[in-house]
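Here are the chains, one letter per residue:
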Amino acid sequence: MLPLEQRPVIDLEFTAEPDISTWETAIYHMAATGENLGPGTSHGLRLEVTVRTGGEVYDSVTIPLDDCREHESVQADGRISLPRREPVEITAVLTGGNLYRDVIAETGVFHAP
């Protein structure tokens, strides 16, 4: 008998809010919540957050997360740097060893104040 392979689906909510800034750089507090919609427990989760400006990576952060059982949530908090007064886009990608698919959240292009 073969074991049933469970590949959970995760719903990702991601926010980034201004925290502190200098003349050149804005530091944003980022928060993400991943809800495991099932089936099964998700393993080896990582949240990879990237800031791009002009097609180039300006800053990136990878946050390892705990395993997440079905119908439970996992949270990540951190800070990321953005250049001020330039168009930027923040992309958050949640990956895992057994997820049905990677989950992507994007802010779209905006200017950090």
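Right above here is the structure, for reference.
Basis of the calculations
Residues numbered from 1 in each chain as written. Predicted model: local features only at pLDDT ≥ 70, side-chain atom pairs only at ≥ 80, totals over all residues. Heavy atoms only, no water. Phe/Tyr/Trp six-rings, centres within 6.5 Å; stacked < 30°, edge-to-face > 60°. Lys NZ or Arg CZ within 6 Å of the ring centre and 35° of its normal. Core = buried A, V, L, I, M, F, W, Y, C linked by side-chain atoms within 4.5 Å. Buried < 20%, exposed > 50% of the residue type's maximum accessible area, 1.4 Å probe, protein only. Helix = DSSP H or I, 4+ residues; strand = E, 2+ residues; numbered from the N terminus. Contact = heavy atoms within 4.5 Å. Pairing = 2+ DSSP bridges. Axes fitted to C-alpha atoms, helices over the stretch in contact; angles between N-to-C directions.

### Description of the packing of aromatic side chains
Here is step 1: Counting across every chain of the model gives zero aromatic pairs.
Here is step 2: Positioned above the aromatic ring of Trp23, the side-chain terminus of Arg85 is 4.4 Å from the ring centre.

### Points about the nonpolar core
Here is step 1: Membership of the largest hydrophobic core comes to 26 residues, with the highest contact counts inside it found for Phe14, Leu47, Val49, Leu65, Leu82 and Leu94.
Here is step 2: Of all elements in the fold, only β1 (9-21), β2 (25-38), β3 (46-53), β5 (73-83), β6 (87-95) and β7 (103-111) reach the threshold of two or more residues within this core.
Here is step 3: If we skip the residues at most four places from it in the chain, Phe14 touches Met30, Ala31, Ala32, Val49, Ile90, Ala92, Ala105 and Thr107.

### Concerning the sheet that holds β5
Here is step 1: Spatially, β1-β2-β5 is the arrangement adopted by the three strands of the open sheet, whose pairing is antiparallel. Taken across any chain shown, the strands that pair with only one partner, and hence form the sheet edges, are β1 and β5. If you compare each strand with its neighbour and ignore which way they point, the axes differ by 20° on average.
Here is step 2: Where β2 meets β5, eleven bridges bridge the pair, whose relative direction is antiparallel. Paired with Met30 across the bridge in β5 is Gly78.

### Describing the sheet that holds strand β4 (residues 56-64)
Here is step 1: Pairing within the open sheet is antiparallel, and its four strands lie in the order β4-β3-β6-β7. Every other strand in the sheet has two partners, leaving β4 and β7 as the edge strands with one partner each. Along the sheet, successive strands turn relative to each other by an average axial angle of 15°, direction set aside.
Here is step 2: Sheet analysis places β3 next to β4, joined by eight bridges and oriented antiparallel. Bridging from a neighbouring strand, Val49 pairs with Val61 of β4.

### Some points on the environment of Gly44
Here is step 1: Relative to the assigned elements, Gly44 resides in the loop between β2 and β3.
Here is step 2: A relative accessible area of 48% means that Gly44 is categorised as partly exposed.
Here is step 3: Note: C-alpha distance between Gly44 and Ala76 (32 residues apart in sequence) is 14 Å.
Here is step 4: Leave out the neighbours within four places in its chain, and Gly44 touches Asp67, Thr95, Gly96 and Gly97.

Remember that the coordinates give geometry; whether it matters functionally is a separate question.
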